Amino acid sequence: MLQQYANFVVNNASQVSSIENALRMLTYILPGRFADAELASEAIYTLLSFVGVYHDGLLAKAAKTGLLVDKQGQPVKVDVTPFNRYHGRLARRSDLYRAASMLLGGLQFGEKLVEMIAAKRLGEKQRWRVVAWTEIAKIVLRLALLQLSGRRMVTGSVVPERLVDPATLGAAGRIAGAAGAFGEAADGTGAPWKGGRSGLEFRSVRGILEKAEGSANLDRYIAGAARDPEKVAPALSLVRRFGPLGLAGELLFILRPLVYVMGMRKLGTKDWRPWALSLLIELASRQMIRSDLHAKGTAMPEHTVERDELARRKWLFLYYLLRSPFFDRFTESRLTRIADWCNNKPLLSLLGSLIQDYQPLWQQYYFYTAGS
């Protein structure tokens, strides 16, 4: 049954992706349309998140085994991202890392839906208990990932990035028959060989020549790969180990959400102290990690995995504008004026409607602005 479904997704990847995107767009406009619309919207979005990751895995596997072609009928070439190389290496090295990554990703996908259900079915007090235990579970998993990775930075997402854009795919059936059953590598001396213990993949000389489109282009191919250090660097070197100061900063960042939640449970959502304490912890964490970088003689990380994560954490500061009491005191009135202005403009009315629909969600539900 699963095999048949996998074959269907691979052979109809573009259409399946279009359906996913249409349903995902629907989740953005559902809130505020009817009773419990936000719950229905979040349920659809959560389901699509899980299904999307499963579909991405199927397509990535199919592309690696030569089952996917583009609209011109040429086999799709998969260029594994540094992010996927790094996390894939850790997952192959440790089953615990793989399990913790899967659990953390599942919690991140479902946390908003779980909070909504708790609020509507269990009441406000139990909702905050569910939120606190969810954050505790995420902290435990992140601490496990921190240790299992050799005390390296824990990225916000541990779900593999999409390797294949379904919109660029053509009909897979033209080469599927030659490749055999889905999930099996195509036969031939040009196929890569993977080490059983290390998980490292070694390509044959013929495979390199084929990708280089002939021996005349081999020098150009090798030179192109060498110009990008991330393509030849060991996977674990893409994120450096923390020193003592950086490790302390990472621990602060991981523990920050629980400090914020416990403060709100004790003092209330309108009290400034949890908001200010969380902000100070996040600022201290960022400064400690930056100082750790400078102590190693580099002002910025060398590789994109670290750079992207630090940039993501910088953008997380915007969530403080959407959290009470700052949101109630400063942001809400300004957003309302922007929404009213947009509603009178033909092309911007949708933006104004989205702001109005999501304002109550930002105020009512923790995980919409948690950034955790």
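Rules used in this analysis
Residues numbered from 1 in each chain as written. Predicted model: local features only at pLDDT ≥ 70, side-chain atom pairs only at ≥ 80, totals over all residues. Heavy atoms only, no water. UniProt positions renumbered as here; feature names shortened; annotations may be inferred. Helix = DSSP H or I, 4+ residues; strand = E, 2+ residues; numbered from the N terminus. Buried < 20%, exposed > 50% of the residue type's maximum accessible area, 1.4 Å probe, protein only. Contact = heavy atoms within 4.5 Å. Areas by Shrake-Rupley, 256 points an atom, 1.4 Å probe, with all protein chains shown as cover. Core = buried A, V, L, I, M, F, W, Y, C linked by side-chain atoms within 4.5 Å. Polar contact = N/O pair within 3.5 Å; in protein donor to acceptor, adjacent residues only side chain to side chain. 1 Å grid on protein atoms, 1.4 Å probe; cavity = no way out; pocket = protein on both sides within 12 Å on 5 of 7 lines; lining within 4 Å. Points joined across faces, edges and corners; volume = space filled by probe spheres on them. Nonpolar A, V, L, I, M, F, W, Y, C, P; charged D, E, K, R; others polar. Expected span 1.5 Å × (residues − 1). Bend = angle between axes of the 7 residues up to and from the residue. Arc of directions from axis to C-beta. Axes fitted to C-alpha atoms, helices over the stretch in contact; angles between N-to-C directions. Parallel < 35°, antiparallel > 145°, perpendicular 65-115°, else oblique.

The protein chain appears in an unreviewed UniProt entry as Peroxisomal membrane protein PEX16 from Coemansia biformis. Under Sequence similarities (unreviewed entry), UniProt gives the following word-for-word description of the protein chain: "Belongs to the peroxin-16 family."

The secondary structure content of the protein chain amounts to 15 helices and two strands. Across the 372 residues that make up the protein chain, the buried fraction comes to 42%. The contacts in the protein chain between residues at least 6 apart in sequence include a share of 76% that link residues at least 24 apart. Summing over all exposed atoms, the protein chain offers an accessible surface of approximately 20300 Å²; the carbon and sulfur share of this is 62%.

All right, on to the nonpolar core then. In this structure, Tyr86, Leu145, Leu146, Met153 and Phe242 are the most contacted members of the largest nonpolar core, which totals 24 residues. At the level of elements, α4 (82-93), α5 (95-121), α6 (124-148), α11 (244-267), α12 (272-295) and α13 (304-315) are the ones that each hand at least two residues to this core. The residues contacting tyrosine 86, other than those within four sequence positions of it, are Ser149, Arg152, Met153, Ala235, Leu236, Leu238, Val239 and Val305. One finds Leu113, Ile355, Trp362 and Tyr368 within the second-largest nonpolar core, a separate group that totals 14 residues.

Along the polypeptide, glutamine 108 turns up in helix α5. A relative accessible area of 19% means that glutamine 108 is categorised as buried. A polar atom in the side chain of glutamine 108 sits 2.7 Å from the backbone oxygen of glycine 156. Those residues in contact with glutamine 108, other than ones at most four positions away along the chain, are Arg142, Gly156, Ser157 and Ser372.

Here we take up empty space enclosed by the protein. As enumerated under the stated definition, the model contains three cavities of 30 Å³ or more in all. The wall of the largest cavity is formed by Phe253, Glu282, Ser285, Arg286, Ile289, Leu310, Arg313 and Phe317. Looking at the lining of the largest cavity, the elements that each hand over two or more residues are α12 and α13. With four residues, the top contributor of residues to the lining of the largest cavity is α12. Tallied by class, the residues present in the lining of the largest cavity amount to four nonpolar, one polar and three charged.

Of note, arginine 273 is situated in helix α12. With 52 residues separating them along the chain, arginine 273 and proline 325 place their C-alpha atoms 9.7 Å apart.

This part is about the layout of surface pockets. One way to see where empty space is left: roll a probe the size of a water molecule over the atoms. One number sums up the size of the second largest pocket: a volume of about 1400 Å³. At the level of elements, α2 (13-29), α3 (37-64), α4, α5, α6, α11, α13 and α15 (349-364) are the ones that each hand at least two residues to the lining of the second largest pocket. Taken together, the residues of the lining of the second largest pocket sort by class into 22 nonpolar, 13 polar and 14 charged.

Here we come to α11. The end-to-end C-alpha distance of α11 is 33 Å, a good match for the 34 Å that 24 residues give at a rise of 1.5 Å each. Along α11, the helix axis deviates most sharply at leucine 255, where the bend reaches about 40 degrees; the proline proline 257 sits within four residues downstream. Where the residues of α11 are buried, they touch α6, α12 and α13. Glycine 268 occupies a position one or two residues after α11 and carries a positive phi of about 95 degrees.

A word on α13. With 12 residues, α13 ought to run about 16 Å at 1.5 Å a step, and its terminal C-alpha atoms sit 16 Å apart, in line with that. Within the sequence span of α13, burial applies to Val305, Glu306, Glu309, Leu310 and Arg313. Viewed along the axis of α13, the buried residues span an arc of 125 degrees, placing them on a single side of the element. Opposite the buried face of α13, at more than 90 degrees from it, the exposed residues are Asp308, Lys314 and Trp315. Summarising the contacts, the buried residues of α13 are in contact with α4, α11 and α12.

What follows deals with the packing of helix α1 (residues 2-11) against α3. Axis separation between α1 and α3 bottoms out at 10 Å; the angle between their running directions is 75 degrees. As far as their axial angle goes, α3 and α1 are roughly perpendicular. Between α1, through Leu2, Tyr5, Ala6, Val9 and Val10, and α3, the contact on the second element is made entirely by Val51, Tyr54, His55, Leu58, Leu59 and Ala62. Residue composition of the contact of α1 with α3, grouped by class: 10 nonpolar, one polar and no charged.

Here the focus is the environment of tyrosine 54. For tyrosine 54, the location among the structural elements is in helix α3. Here the alpha-carbon distance between tyrosine 54 and alanine 6, two residues 48 residues apart in the chain, equals 9.6 Å. Those residues within four positions of tyrosine 54 in sequence are excluded, and the remaining contacts are Leu2 and Tyr5.

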